[in-house]
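Observations on chain architecture
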Amino acid sequence: MSAVQTSVSPWWWMLLALLGVAVLMSVLRAWLASRERDREADEQGTTRAPPPVEIPTRLTPDVQDPVTGLATRLLLEDQLAAAAMRAEARKRRLALLYIDLDGFRPFNEAFGHACGDTLLREVGQRLSSMGRATDTVARMGGDEFLMLLDGDPDSASAALVADRVRHKLQQPYQADGKDVRLSCSIGIVLYPEHGPRAKLIARADAAMMAAKRAGGNMHCFYEARMDHDAERTFDLHRDLRSAIETHAGLALHYQPKIDARTGQITGVEALVRWQHPDRGMLSPADFIPIAERFGLIAALGEWVTDEACRQVRAWLDEGLRMHVAINLSVHQLRQPDLVALIQAALSTHEVPPELITFEVTESAAMEDAKASLRLFEQLTQIGVQLSIDDFGTGYSSLSELRKLPVRQLKIDRSFVQDIDKEDDARAIARAVIKLAHALGLQVVAEGVETEAQQGLLMRWGCDQMQGYLFARPMPAANLRLWVAGDEVPARRASFRASLFNQDDPADQG
């Protein structure tokens, strides 16, 4: 038996060896074929794209823009990180295009937000049709888009893509049966030539702004001289993210609302402030756009709501029952967990929901009227109140507006400031007051600065007023002292104004 095994065994080893050689030859042939394809692609001026990053077929609201269906900035940053790692490993490049539509705001004002959303969706579709499977197209917000080009693009190929994007987006759009044309400005950065990955978006933004300042309808590559704007934006973004995470330097100031008949305080509006460690007190105009652009507005808004509820609780414990109004941005209206976050803040601080009013600008509320109606109904169910801010500056459909469960309208300050000088401003303010009262709503006039404006608004039946004539926004401690000494009706010349004087005039209510 052992003799048979000895004679048969070498055949098995030989068979195994032949199979091993066959496998090695197959792998070698595949490798050689791959090298040949790369060589042919290089000779034709193209490169074989790296394998695509897998994206879930159903994107969550955090990574899918609700208007265009494109990726959000959050998803693009993840894609950029993965692509940069591949590029570093393979000694290849990336390109990032920052695309901003020229003339979108006038288009929105002329045709309304519904047409504006339709145009943005069309822009997203056009951009997506130009990208390869390995590229990522994202909407930053507003009329700004990003395109990540993965696959070793050089400056010439990135410029070629930018030219194609401009020509594609210049093709006419349909709006109310009319052909409308828009151009775009594009900023381009290359990786790694134009700096570390963390600064690419800010530098692409700076290049885009340079293209826009040069007249628009063109592209610009990032240059070192643009570093001032890019670095400032990047630094503010970094510092703001840190401030939101640690709550260091953030504070709420409160501006009183005054009853037009009695002159007594009816509530306050909470306004966020940021004490920057190097730049001092910053106006919201300096950092709110950065929060919106870099995806920080949701976290900032959550902090504002929680801090306002905490302060209301503190006032209640001191025996002061104060109504507080909190602003919601259009980005927050798209948060799927907004109602849950608000409920959590109310519950944590044991605040009666009727003491909280959320103010939403007219343009934000009308951007998606049906979605706004659903959200407003959910907010009403938990007991908070709602107000339409900056009324008169948007293009509301009254049939849609009357469906919203709101309690008040705020006349935009641009009309209030001119009512004692311009006939059309007076006509608009009076019409808004009559319209609001016909709908059973209270009216708040913001930006009241003179007694002449105050007198006209009282004569027309305005319910509440807010502005520097009465008080500037002030910290909670100052407001507590201000309220304690408030015994003189606001409509009298002897009304005691706030002495707190640290706010930028652009921030007044």
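A few points on the structure. (Residues numbered from 1 in each chain as written. Predicted model: local features only at pLDDT ≥ 70, side-chain atom pairs only at ≥ 80, totals over all residues. Heavy atoms only, no water.)

**Here's the deal with the packing of aromatic side chains**
- Enumeration over the complete set of coordinates arrives at four aromatic pairs.
- With a centroid separation of 6.3 Å and an interplanar angle of 20°, the aromatic rings of Phe 104 and Phe 107 are classed as stacked. Taken together, the residues Phe 104 and Phe 107, both in helix α3 (residues 104-111) and three residues apart, mark about one turn of the helix.
- A residue is classified by how much of its surface remains accessible, and Phe 104, at 9% relative accessible area, is buried.
- Consider the rings of Tyr 254 and Trp 315, whose centres lie 5.1 Å apart with planes at 65°: the pair is edge-to-face. (Phe/Tyr/Trp six-rings, centres within 6.5 Å; stacked < 30°, edge-to-face > 60°. Helix = DSSP H or I, 4+ residues; strand = E, 2+ residues; numbered from the N terminus. Buried < 20%, exposed > 50% of the residue type's maximum accessible area, 1.4 Å probe, protein only.)

**Re the pattern of salt bridges**
- Counting across every chain of the model gives 24 salt bridges.
- Where Lys 410 meets Glu 269, a salt bridge forms, and the shortest distance between an N and an O atom there is 3.1 Å. Separated by 141 residues along the polypeptide, Lys 410 in strand β14 (residues 408-411) and Glu 269 in strand β9 (residues 265-276) bring together distant segments of the chain. By the burial criterion, Lys 410 is buried, and Glu 269 matches it.
- Measuring nitrogen to oxygen at the nearest pair gives 2.7 Å for the salt bridge that ties Arg 310 to Glu 307. Pair noted here: Arg 310 and Glu 307 are both in helix α9 (residues 297-317), with a separation of three residues, about one helical turn.
- Looking at Glu 307, the relative accessible area reads 17%, which means it is buried.
- Among the ionic contacts, a cluster of salt bridges with common partners joins Lys 257, Glu 269, Glu 359, Lys 410 and Glu 446. (Salt bridge = Lys/Arg side-chain N within 4 Å of Asp/Glu carboxyl O.)

**Here's the deal with the pairing of strand β15 (residues 442-446)**
- Across the five residues that make up β15, a large majority, four, are buried.
- Here four bridges tie β14 to β15, and the two strands are oriented parallel to one another. The partner of Lys 410 across the bridge, within β15, is Val 444.
- Where β15 lies against strand β16 (residues 464-466), three bridges are found, and the strand directions are parallel. (Pairing = 2+ DSSP bridges.)

**What about α9?**
- The end-to-end C-alpha distance of α9, which contains 21 residues, comes to 30 Å, matching closely the 30 Å that a straight helix rising 1.5 Å per residue would cover.
- Listing the buried residues of α9 in full gives Ile 297, Leu 300, Gly 301, Trp 303, Val 304, Thr 305, Glu 307, Ala 308, Cys 309, Gln 311, Val 312 and Trp 315.
- At the exit of α9 stands Gly 319, carrying a positive phi of roughly 90°. (Expected span 1.5 Å × (residues − 1).)

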